[in-house]
Amino acid sequence: IELAPTGETFEAEAYEIPSRKPRVLNVVKLRHKFPAAFSKAEELRLIRDDKRISIPIRGAGKALHALQGCVDETLLEWGVDPKALAALREPPRVIDDRGYLSNGDYPTDALNANWQGSVVVRLNVDATGDVTDCAVVVSSGWRSVDNLTCRRAKDKAKFQPAIGAGGRPAPAVCVDNLVFRVSG
C-alpha cells in the first residue's frame, strides 16, 4: 500500500471477499503505524506487481479519529492502556503467523457441537517475547475454548517483543483475536 502525497509504503495482504457487490477487498497485516499515516493521506494506492488501484480517501483523518476514540475506549475496558500502546515504536507481534493454536487443539465439546467462533484475549508479553499472563476479554461462550486459549498462549506463544520509545525491547500488553473454524 502506498499513501499519497507522502509516498509512505506499507506491506500488507489483501484478498477479495467473494460474492460482494461492489467488490470488497479485505486488507490485513498492516503495521500499527498505518492508521496515523492513513489519516493524513489523500489517496491510497494498492500495488501488486505492476498493477495499481488508486482510491481517493479525503476525510479519512476525521473518520479515523472517531474510530480511534472507540478503539481506545474498548482497550480501556479490556485493561489495556491505549497511551502506553501508542507510545511503543513497535507492539509485540506473534512470531509464527499460524499462531499458537493448532487444529488438534480444538476442544472436543466445541468440535462435537460444530461450534465456530472466536475469543479475544489480553496478553502480557515480557521483554523476551514470552507471555506472562492471559485474560479473556471477550468470551467465546465456551469455557473449554477460553481456558484452552489462555493455556496455549502461556505455554506456546512466542512474540517478537515490543520495542519501547527508547528503541529497546520492552514488556507490553497486546490483544489477540483467535478464530476457531471447523474445517472439512
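Above this text you will find the structure in question.
The present account deals with the structure reproduced in this document. This one's a predicted model, so the numbers in the text were calculated from it and none came from an experiment. (Residues numbered from 1 in each chain as written. Predicted model: local features only at pLDDT ≥ 70, side-chain atom pairs only at ≥ 80, totals over all residues. Heavy atoms only, no water.)

## Some remarks on the overall build of the chain
Here comes step 1: Broken down by element type, the chain carries five helices and 12 strands.
Here comes step 2: The dimensions of the chain, computed from C-alpha atoms along their principal axes, are 50 × 45 × 30 Å.
Here comes step 3: Split into buried and exposed, the 184 residues of the chain put 30% on the buried side.
Here comes step 4: Accessible surface, the chain: about 11900 Å² in total, of which carbon and sulfur atoms supply 51%.
Here comes step 5: Computed over 26 positive and 24 negative side-chain charges, the inter-centroid distance for the chain is 2 Å. (Helix = DSSP H or I, 4+ residues; strand = E, 2+ residues; numbered from the N terminus. Buried < 20%, exposed > 50% of the residue type's maximum accessible area, 1.4 Å probe, protein only. Areas by Shrake-Rupley, 256 points an atom, 1.4 Å probe, with all protein chains shown as cover. Lys, Arg positive; Asp, Glu negative; His and termini not counted. Charge placed at Lys NZ, Arg CZ, Asp CG, Glu CD.)

## Let's talk about a nonpolar patch on the surface
Here comes step 1: On the surface, a cluster of nonpolar side chains totalling about 230 Å² of accessible area is made up of Leu25, Ile53 and Ile55.
Here comes step 2: Mapped onto the elements, Leu25 comes out in strand 3 (residues 24-28). (Patch = residues over 30% accessible without salt bridge, like charges linked within 9 Å, V, L, I, M, F, W, Y side chains within 5 Å. Salt bridge = Lys/Arg side-chain N within 4 Å of Asp/Glu carboxyl O.)

## Let's talk about the sheet that holds strand 4 (residues 43-48)
Here comes step 1: Spatially, 1-4-5 is the arrangement adopted by the three strands of the open sheet, whose pairing is antiparallel. Strands at the two margins of the open sheet, each flanked by one partner only, are strand 1 (2-4) and strand 5 (51-56). On average, adjacent strands in this sheet sit at an angle of 20° to one another, irrespective of strand direction. (Pairing = 2+ DSSP bridges. Axes fitted to C-alpha atoms, helices over the stretch in contact; angles between N-to-C directions.)

## Notes on the sheet that holds strand 7 (residues 117-125)
Here comes step 1: Overall, antiparallel pairing links the three strands, which are arranged 8-7-12 in an open sheet. Each of the sheet's edge strands pairs with one partner strand only, and the pair in question is strand 8 (131-138) and strand 12 (172-180). Taken over all neighbouring pairs, the strand axes of this sheet differ in orientation by 30° on average, direction set aside.
Here comes step 2: Bridge count between strand 7 and strand 8: six bridges; the pairing is antiparallel. Its bridge partner lying in strand 8, Leu123 is registered against Cys134.

## Some remarks on the pairing of strand 7
Here comes step 1: Taking burial as the measure, the nine residues of strand 7 include seven buried ones, the bulk of the element.
Here comes step 2: Sheet topology note: the strand 7/strand 12 ladder contains nine bridges and is antiparallel. The residue of strand 12 that forms the bridge with Val125 is Ala172.
Here comes step 3: Where strand 7 folds back onto strand 8 in an antiparallel hairpin, the turn is made up of five residues, including Gly129, whose phi is positive at roughly 100°.

## Concerning the side chain of Thr149
Here comes step 1: By the element assignment, Thr149 lies in helix 5 (residues 143-156).
Here comes step 2: With relative accessibility at 0%, the residue Thr149 sits in the buried group.
Here comes step 3: Aside from chain neighbours lying at most four places away, what touches Thr149 is Tyr100, Leu101, Val119, Val121, Leu178 and Phe180. (Contact = heavy atoms within 4.5 Å.)

## Considerations on the environment of Gly117
Here comes step 1: Within the fold, Gly117 resides in strand 7.
Here comes step 2: For Gly117 and Pro82, which are 35 residues apart along the polypeptide, the C-alpha to C-alpha distance reads 26 Å.
Here comes step 3: In contact with Gly117, not counting residues within four places along its chain, are Leu178, Val179, Phe180 and Arg181.

## Notes on the nonpolar core
Here comes step 1: Grouped together as the largest cluster of nonpolar side chains are 20 residues, with contacts concentrated most on Tyr100, Val121, Leu123, Val131, Phe159, Leu178 and Phe180.
Here comes step 2: For this core, the secondary structure elements donating two or more residues are strand 7, strand 8, helix 5 and strand 12.
Here comes step 3: One finds Ile1, Leu3, Phe10 and Ile57 within the second-largest nonpolar core, a separate group that totals 12 residues. (Core = buried A, V, L, I, M, F, W, Y, C linked by side-chain atoms within 4.5 Å.)

## What to know about the pattern of salt bridges
Here comes step 1: One pass over the full model with this rule turns up seven salt bridges.
Here comes step 2: Its salt-bridge partner being Arg45, residue Glu2 comes within 2.7 Å of it at the nearest N-O pair. Of this pair, Glu2 sits in strand 1 while Arg45 sits in strand 4; the two residues are 43 residues apart in sequence, bridging distant segments of the chain.
Here comes step 3: Here Glu43 and Arg45 are joined by a salt bridge, their closest N and O atoms 2.6 Å apart.
Here comes step 4: Accessibility expressed as a relative area gives 23% for Glu43, which makes it partly exposed.

These figures capture arrangement, not role.
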